[in-house]
Amino acid sequence: MSEFEKMISGQLYNAEVPQLRELRLRAALLCHQLEQLSPAEEETRIALLRELLGSVKGSLTVNPGFRCDYGSNITVGDNFYANYNCVILDCAPVTFGDNVLIGPNCSFYAAGHPLDAATRSSGLEFAKPITVGNDVWFGGSVTVLPGVTIRDGCVIGAGSVVTRDIPAGMVAVGNPCRPIKPAEERK
C-alpha cells in the first residue's frame, strides 16, 4: 500500500515520501499562482481553483489567502464561498455541500499527529475526513479538526473550535464547539 493510500484511508503514513512531496508542491504552486492574480482576473482564478481542487460542483468564490496541502482531496458543492485566509489541510477527503459560506481566517485540519512522542518523532502522521453538509455557515476564525462531520443547516459561531460532530440544524459555538440552539430563520 502506498503512503498516499495509507493517508487517504486514515492509517499512519510518512508525509515526506517523494510522491506526497510532489503533490504538495503542485498544490503550493497553484496556490501561489492564485495569489499573483489581479482581482479583475476572476475567470483565470476560477480556472485555477478548478484545476487545484478535486471536485467543484458549481459556482465558487475563494478569496485571496487560500492554502491547502493537496487540493485534490477537496470537494466543494454549488455556491461555495470561502472568505480571506482559508486553510484546508486535506490529507484526508474534505467535503463541502452546497451553499457553504466560510468566514475569514477559517481552518479545516484533516491532518493529525500521534499523541505519543516516539511515534510522532518518527515522522508518522494520520488524517481523518472532514464532511460539511449543505447550507452551513462558518463565522470568522473557526477551526475544524480531523474526523468531524457538520450536518446540514448549521451555523458555527466565530472563533469556535469544532472537535466533534454537529447535528443538523444547530447553532454551535465555543471551544470546544457545542450546539446551543436550533438555527432558526428570522422573520
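Preceding this paragraph is the structure being described.
Conventions used here
Residues numbered from 1 in each chain as written. Predicted model: local features only at pLDDT ≥ 70, side-chain atom pairs only at ≥ 80, totals over all residues. Heavy atoms only, no water. Helix = DSSP H or I, 4+ residues; strand = E, 2+ residues; numbered from the N terminus. Rg over C-alpha atoms; globule rule 2.2 N^0.38 Å. Contact = heavy atoms within 4.5 Å. Areas by Shrake-Rupley, 256 points an atom, 1.4 Å probe, with all protein chains shown as cover. Lys, Arg positive; Asp, Glu negative; His and termini not counted. Charge placed at Lys NZ, Arg CZ, Asp CG, Glu CD. Phe/Tyr/Trp six-rings, centres within 6.5 Å; stacked < 30°, edge-to-face > 60°. Buried < 20%, exposed > 50% of the residue type's maximum accessible area, 1.4 Å probe, protein only.

(A) Spotlight on the overall build of the protein chain. Along the backbone of the protein chain there are four helices and 20 strands. Compactness check: the protein chain gives a C-alpha radius of gyration of 17 Å against a globular reference of 16 Å for 187 residues, within 12% of the reference. Referenced to the eigenvectors of the C-alpha coordinate spread, the extents of the protein chain come out at roughly 55 × 45 × 25 Å. Long-range pairs, those at least 24 residues apart, make up 26% of the contacts in the protein chain between residues at least 6 apart in sequence. Accessible surface computed for the protein chain: about 9,400 Å², of which carbon and sulfur atoms make up 53%. Positive and negative side-chain charges of the protein chain, numbering 16 and 20 respectively, have mean locations separated by a distance of 7 Å.

(B) How the structure looks around the packing of aromatic side chains. Applying the stated criterion across every chain yields a total of three aromatic pairs. When the ring of F80 is compared with that of F96, the centres are 5.1 Å apart and the planes differ by 55°; the resulting orientation is tilted. Highlighted residues: F80 in strand β6 (residues 80-82) and F96 in strand β8 (residues 94-96), separated in sequence by 16 residues. Comparing F80 with F96 shows no difference in burial state: the two are buried. Here F96 and F108 contribute two aromatic rings whose centre-to-centre distance is 5.1 Å and whose plane-to-plane angle is 85°, an arrangement assigned as edge-to-face. One end of the pair, F96, is in strand β8; the other, F108, is in strand β10 (residues 107-109), with twelve residues separating them in the sequence. Residue F96 shares its accessibility class with F108, and that shared class is buried. Put simply, the rings of F80, F96, F108 and F138 touch in pairs and so form one group of aromatic residues.

Note that every value here comes from positions in space, so none of it alone points to a role or purpose.
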